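Next come the chains, spelled out residue by residue.
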Amino acid sequence: MTLPVLRVDDPAAPHVADLLAFHLKELRGEMAEFAFALDATGLSQPGVTFWTAWVGGALAGFVALKEIGNGSGELKSMRAAPEMRGKGIGRALLDHVIAEARQRGLSRINLETGTAALHHPAVSLYRSAGFVDCGPFGTYRPSPYNQFMTLSLEETSCPRSS
């Protein structure tokens, strides 16, 4: 699989519309009022950076990073296009966001995701990158439909012996 090319993009752009609509419809169908995925307006807010991933001229996915204060960011709306699932797009998107958060000097990335079967591949991906379970953050409330994860970006090292 060729690695995707990622670029900062406009979530309201016509080339994003179908995949974003699919993303929102699937999540809202599964999670109802507990689906907190942002639409194009939310993904266009100040403090949110939105990237698209491209493979051979085709939109392969998207992801956003929202800066939420206190040195933390929130992973938002990560999605691989259905025909690109299982081809490393999610890993490329996640690796990009983690690298970007580190470059910005953030100390932590939080995320909220679902508990339904459709979320299991994403949760496995997050865990493989070092995300661990945590409690709700920001204005989120716990529910049977949601789970919360966090990744510390702070370097830790063992003290040197003298």
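## Concerning the nonpolar core
1) Next: Ranked by size, the top nonpolar core spans 41 residues in total, and within it Leu75, Met78, Ile89, Leu94, Ile109, Tyr126 and Phe131 carry the most contacts.
2) Next: Elements with a minimum of two residues in this core: α1 (14-31), β2 (48-55), β3 (58-69), β4 (72-80), α3 (89-103), β5 (108-114), α4 (120-128) and β7 (146-152).
3) Next: Apart from the residues lying within four places of it in its own chain, the contact partners of Leu75 are Val63, Ala64, Leu94, Val97, Ile109, Asn110, Leu111 and Tyr126.

## Brief notes about the environment of Gln147
1) Next: Positionally, Gln147 belongs in strand β7.
2) Next: Considering only alpha carbons, one finds Gln147 and Gly114, 33 residues apart in sequence, at a separation of 5.8 Å.
3) Next: Ignoring sequence-local partners within four residues, the contact set of Gln147 consists of Leu111, Glu112, Thr113, Gly114, Thr115, Val123, Arg127 and Asp133.
4) Next: A distance of 2.7 Å separates the side chain of Gln147 from the backbone oxygen of Gly114, its partner in a polar contact.

## As for α3
1) Next: With 15 residues, α3 should cover 21 Å at 1.5 Å per step; its first-to-last C-alpha distance of 21 Å lies within 8% of that length.
2) Next: Among the residues making up α3, those that are buried are Ile89, Gly90, Ala92, Leu93, Leu94, Val97, Ile98, Glu100 and Ala101.
3) Next: At the C-terminal side of α3, Gly105 shows a positive phi close to 80 degrees.

Procedures and definitions
- Within any chain, residue numbers begin from 1 and follow the written order of that chain's sequence.
- In view of the model being predicted, local features appear only for residues whose pLDDT reaches at least 70, and side-chain atom pairs are presented and counted only at 80 or more, with totals across whole chains, interfaces and linings using the full set of residues.
- Only hydrogens and water are removed before side-chain values are computed, so all heavy atoms of the structure are retained for them.
- Put simply, buried Ala, Val, Leu, Ile, Met, Phe, Trp, Tyr and Cys residues joined by side-chain atoms within 4.5 Å make one nonpolar core.
- Throughout this description, buried means an accessible area under 20% of the type-specific maximum (1.4 Å probe, protein chains only), exposed means over 50%, and partly exposed covers the range between.
- Numbering of helices and strands runs from the N terminus, with a helix taken as a DSSP run of H or I at least four residues long and a strand as a DSSP run of E at least two residues long.
- Two residues form a contact once any of their heavy atoms are found within 4.5 Å.
- Any N or O atom pair separated by 3.5 Å or less is treated as a polar contact, with the protein-specific requirement of one donor-capable and one acceptor-capable atom, and with residues adjacent in sequence counted only for side-chain atom pairs.
- Expected helix span is computed as 1.5 Å times (number of residues minus one).

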